[in-house]
Amino acid sequence: MVERRVMEGSHAVAHAVRLCAPDVVSAYPITPQTHIVEKISQFVADGDLKSEYMRVESEFSAMSASVGSSAAGARTFTATASQGLMLMSEVLYNASGLRLPIVMSVANRAMGAPINIWNDHSDSMGVRDAGWIQLYAEDNQEALDMTIQAYKIAENQDVMLPAMVCMDGFILTHTYEPVSIPKKEEVQEFLPEFDPEVKLDPQNPVTLGTVGFPSDYMEIRHEQYQAMENARDIMPDIFKEFEEKFGRKQHSLIEEYKTEDAEIIIVSLGSIMGTIKEAVDELREDGKQVGAIKIKAFRPFPDQELRDALQNTKAVAVLDKNITLGKKGALYTEMKDTLYQAETQPQMTNYIIGLGGRDIPRQSIKNIVKQTKENLNSPQTREVRFVDLKEEK
Amino acid sequence: MTKLREQEDFVSGHRACAGCGLALGARLAMKGVEQDSIATCATGCLEVISTPYPESSWEIPWIHSLFENSASVAAGIEAALKAKGDNKTKVIAQGGDGATVDIGMRGLSGMFERGHDVTYICYDNEAYMNTGIQRSGATPLAASTTTSPPGKQSYGNENTKKDALAIAAAHGVGYVASASIAYPKDVVEKVKKASELDGPSYVQIHVPCPTGWGFKERDTIEIARLAVETALWPVYQMEDGQITNIRKIKDRKPVERYLEKQKRFKHLFKKDNGEKRIKEIQAIADRNAETFELDK
C-alpha cells in the first residue's frame, strides 16, 4: 500500500529526500526553507535517514560542502531560498562546471530590498544561467515527485549536472495537502545507488577544477551546454518511467491544460497553476476558449514543446512572478525567443503578478484573460502589465 | 635522522616562478601526509601553477573550486568519506594567505568549529601574489605591495599581520603549528602530526616569494631563515591549546637584516622616518620573542 498522508510541502520534500537517501545533507536554515532541513535532521536523529548531516555556517558553505561531497562520489542534498541562494550563487556555477549532480530544493522567496520573506520567483530566476536544471512544482505531490526525478536526471551519465527543484515558499512549503509517499524499495529501484565515473578517489586519482585557458575553456563550456541538451532528451523518458512506476501522470517538460481549441492560453509556472486551472475551468463553463500551460522545466527550456502547443492559439498571456528590471518578466522574454522560431506567432502580453507574496485571486486571472482578449482587437497595447497594483485600481 | 617518504604527491613540471617558496612548501607538506589522501586547493598561486588544463602536478585526487571555500569543500569531502565508511583517507585543505586569513575565514572557522577531520595548510607568502602582489591580511606592517605602496603620505602597509594561528587555536583546534621552509624536516613532521590527528588541524607555512618580496631566487631559504632568526616568524606548535614545541633562537638578529634584503621594505631605508617604522617592526619581533620565549 502506498502511504497517503496530509502534510506540508516542506515535509513532502523531506520524505522525498529520505527516500533518495543522500549520503550527505549540508544545509543552513532560511525562511521559508527551514522546515525542509528541520524535518530531514529529525529523520537523521531518529535513524530513518542515514546521512552525514552537516550543519554549516552559511549557505555559501552549504553549497561548497555539497561540491566537496558530490565530487567525492556521495549523493548530496541541500536546500535554500532567496538571499541564501544568492549567497551560494558563486558556488552554483562551480557545481555545474564541475558536473556535480547535487539536488537542491529552492523554497522560492522574493529578494530584498525591501526585505520580504514571501513568495515570488526572483531568486531562482536570478540564477537561471548558473547551469542548473530547474524544475518548478505546482503542488506538494509534485515537489516530492520532482525531487526523486531530479536525482535521476542529474545523475544520468550523459547529464551530470546539478538540479534545483523550485517550490513556492509558504504557498507550498507551509501548506498542508494530501501526499502519496512512495515505498522505499520502489524508489531504490527507480533510483539506483549513485556511482559516478569520475570522483575523488585515492585508488584512481584525478585532478578536478583545473585552470581552463582560452585554448580549452570554450570546449569545456560546450560540453556543459551539450549536457543540458542531453537532459532535455532524457527527461521525458524519466518522467514516463516515473509515471509507470508510481502511477502519477507526469507530462513532458510542459503540462497542457485544455489547450486543444484555446484562443487564449495562459502560461506560467509553480503553484499559481492551480489557481489558473480553476479560473480556466470557470471560464470554460462560460463558453470561453481558454487554456493553460505549465512550465515544468525552466532549464532546459521547453522550446519545441511550447512551439507545438501554441501553434494554433491567437493570444498568450505570460504570467511572471518576477521582473527583470530594464526588460520584462524572465519567462516572457524566454517565451518570445522560443516563439520567434514558430511558424505562427500569437500576440503575447506579459503580466507581472504576485511579487513579494501579493495574493493572486482567481478573479485576477480572469481579468488577465479579459484584458488579453481586448488586446487582440487593439493594435496599441502595453506589453508589460503589473497586475493588481494599488494605483491601477 | 628521519627519512623522508620517497613518494612525491606534488611533482615537478609545474609552472611556479624560479625560487618559489610555495612550491617547495607544498612538496614538503605532501611528504608529510603518509596515508591515502584527497586535497582541496583554493584559487591562488598553487592552483594556477599546478593545474593548467590538461596538465596536473598532483599525484593524489585534488579539487579546486573557488577562492574562499577550500575548507568548506574539504569538510564536504570528509563528510562524504564518513558516509561511505572510509576512515582511512586523509583530507588536506590548502590555501594561500589571502584565501585563508581573508576571504576564506568564515568557511575555515566553520570547518574548525564543526570539528571536521581535515588538515588545513596555509601557504603564507604575505600578499595576494597571483593577482599581482596586493596586500592581504597577512601582509606585515610597512611592506610595500601594489595596493599598499609607500608614497608621500604612506610607509606601506598600515596594519600588522593577522594572527591566524591564534584564531585557529581560539577555535579549540587540536593541533596548530607554524613552520618555515627553511626547516624542511620540521614542515614534514608537522604536517604528518597534523594529518594523523583526528579532528581539524592547522599548519601555516611561511613561504617567501621572490617575485612579490623582491629578492634573488637563490635567496629564498635564506630569507625564510632570517624571518625566523629575527623572531618575525615564530616557529612553534600548539597541542590542545598548549605550546608544546618552539624553535629557539640563538643570537637573535636585528630585523634590519631581514628587511634590507627585500625590495618590499627598501623604502624604509630611504624615507625620512623610515627608521621609526623599522623600530616598530623590531618591537613586533621583540614581543614575539617574549611571548613565545624564543631567545635561548
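Just so it is clear, the model here is predicted, and its values are computed rather than measured.

**Some points on the overall build of chain A**
Then step 1. In terms of helices and strands, chain A carries 13 helices and 16 strands.
Then step 2. Taking 21 Å as the expected radius of gyration for a compact globule of 393 residues, we find that chain A reaches 21 Å, a close match to that expectation.
Then step 3. Overall, chain A is about 70 × 55 × 45 Å in size when its C-alpha atoms are taken along their principal axes.
Then step 4. Split into buried and exposed, the 393 residues of chain A put 59% on the buried side.
Then step 5. For chain A, restricting intrachain contacts to residue pairs at least 6 apart in sequence, the fraction spanning at least 24 positions comes to 80%.

**Re the packing of aromatic side chains**
Then step 1. Enumeration over the complete set of coordinates arrives at twelve aromatic pairs over all chains.
Then step 2. Taking the centre distance of 4.5 Å and the plane angle of 35° together, the rings of A:F242 and A:F246 count as tilted. Within this pair, A:F242 and its partner A:F246 are both found in helix α9 (residues 214-246), separated by four residues, close to a single helical turn. Neither A:F242 nor A:F246 differs from the other in exposure class; each is buried.
Then step 3. For the ring pair B:F10 and B:W58, a centre distance of 4.9 Å and an interplane angle of 45° mean the geometry is tilted. Highlighted residues: B:F10 in the segment before α1 (21-32) and B:W58 in the loop between α2 (45-50) and β2 (62-64), separated in sequence by 48 residues. When sorted by exposure, B:F10 lands in the same class as B:W58, which is buried.

**Considering the nonpolar core**
Then step 1. Residues A:L92, A:M335, B:Y123, B:Y202 and B:I205 are the most contacted members of the largest nonpolar core, which totals 145 residues.
Then step 2. Examining the composition of this core, we find that eight residues originate from one element, helix α3 (residues 70-83) of chain B, more than from any other.
Then step 3. When sequence neighbours within four positions are dropped, the list of residues in contact with A:L92 reads A:M63, A:L85, A:M104, A:V127, A:A130, A:W132 and A:M164.
Then step 4. If you look at the next biggest cluster of nonpolar residues, it comprises 53 residues, including A:A143, A:L144, A:I148 and A:A150.

**Points about the interface of chain A and chain B**
Then step 1. Facing the 39 residues of chain A at the interface are 38 residues of chain B.
Then step 2. Roughly 3000 Å² of surface becomes buried between chain A and chain B when both sides are summed, with 63% attributable to carbon and sulfur atoms.
Then step 3. Broken down residue by residue, the surface that chain A buries against chain B is led by A:E57, A:P202 and A:V211, which jointly contribute 17%.
Then step 4. At the surface where chain A touches chain B, the tally comes to two salt bridges.

**Some remarks on the sheet that holds strand β9 (residues 236-239) of chain B**
Then step 1. Here nine strands make up an open sheet; going across it, the order is β9(A)-β2(B)-β1(B)-β3(B)-β4(B)-β8(B)-β7(B)-β9(B)-β10(B) and the pairing mixed. Looking at which strands have only one partner, the edges of the open sheet turn out to be β9 (207-208) of chain A together with β10 (242-246) of chain B.
Then step 2. Bridge count between strand β3 (residues 90-96) of chain B and strand β4 (residues 118-124) of chain B: six bridges; the pairing is parallel. Directly across from B:A93, in β4(B), lies its bridge partner B:Y120.

**A few points about the environment of A:T349**
Residues and elements named next belong to chain A.
Then step 1. Residue position: T349 is located in strand β15 (residues 347-352).
Then step 2. Judged by relative accessible area, which is 1%, T349 ranks as buried.
Then step 3. Sequence spacing of T349 and R299 is 50 residues, and the spatial spacing of their C-alpha atoms is 22 Å.
Then step 4. Within the structure, T349 has its side chain in polar contact with the side chain of N375 (distance 3.2 Å).

**A word on the pattern of salt bridges**
Residue and element names in this part refer to chain A.
Then step 1. For the coordinates displayed, the defined rule picks out 48 salt bridges over all chains.
Then step 2. The salt bridge partner of R299 is E334, with a shortest N-O separation of 2.8 Å. Placement of the pair is R299 in strand β13 (residues 297-299) and E334 in helix α12 (residues 330-340), with a sequence separation of 35 residues.
Then step 3. Three or more residues joined by partner-sharing salt bridges are found here, namely E138, E142, E255, K277 and K294.

What counts, and at which threshold
One numbering rule holds for all chains: residues counted from 1, following each sequence as written. Lettering of chains starts at A and numbering of ligands starts at 1, both following the order in which they are written. Given that this is a predicted model, residues contribute local features only at a pLDDT of at least 70 and side-chain atom pairs are listed and counted only at 80 or more, while totals for whole chains, interfaces and linings are drawn from all residues. Each side-chain value is worked out from all heavy atoms of the structure, with water and hydrogens disregarded. The secondary structure listing takes helices from DSSP runs of H or I that are at least 4 residues long and strands from runs of E that are at least 2 residues long, numbered from the N terminus. Radius of gyration: over C-alpha atoms. The globule rule applied is 2.2 Å multiplied by the number of residues raised to the 0.38 power. Per-residue accessibility, obtained with a 1.4 Å probe over protein chains only, is compared with the maximum for each type, and a residue is labelled buried under 20%, exposed over 50%, and partly exposed between these values. What makes two residues a contact is simply this: any of their non-hydrogen atoms within 4.5 Å. Planes of paired rings set the category: under 30 degrees apart is stacked, over 60 is edge-to-face and the rest tilted, where pairs are Phe, Tyr or Trp rings (Trp by its six-membered ring) whose centres lie within 6.5 Å. We define the nonpolar core as a collection of buried residues of types Ala, Val, Leu, Ile, Met, Phe, Trp, Tyr and Cys that are connected through side-chain atoms lying within 4.5 Å of one another. Buried area: the accessible area, evaluated with a 1.4 Å probe, that two parts lose upon being put together, summed over both parts. Salt bridge, as used here: a side-chain nitrogen of Lys or Arg that lies within 4 Å of a carboxyl oxygen of Asp or Glu. At least two DSSP bridges between two strands are needed for those strands to be called paired. Counted as a polar contact is a pair of N or O atoms within 3.5 Å, where, for protein atoms, one must be capable of donating a hydrogen and the other of accepting one, and residues adjacent in sequence contribute only when both atoms are in side chains.

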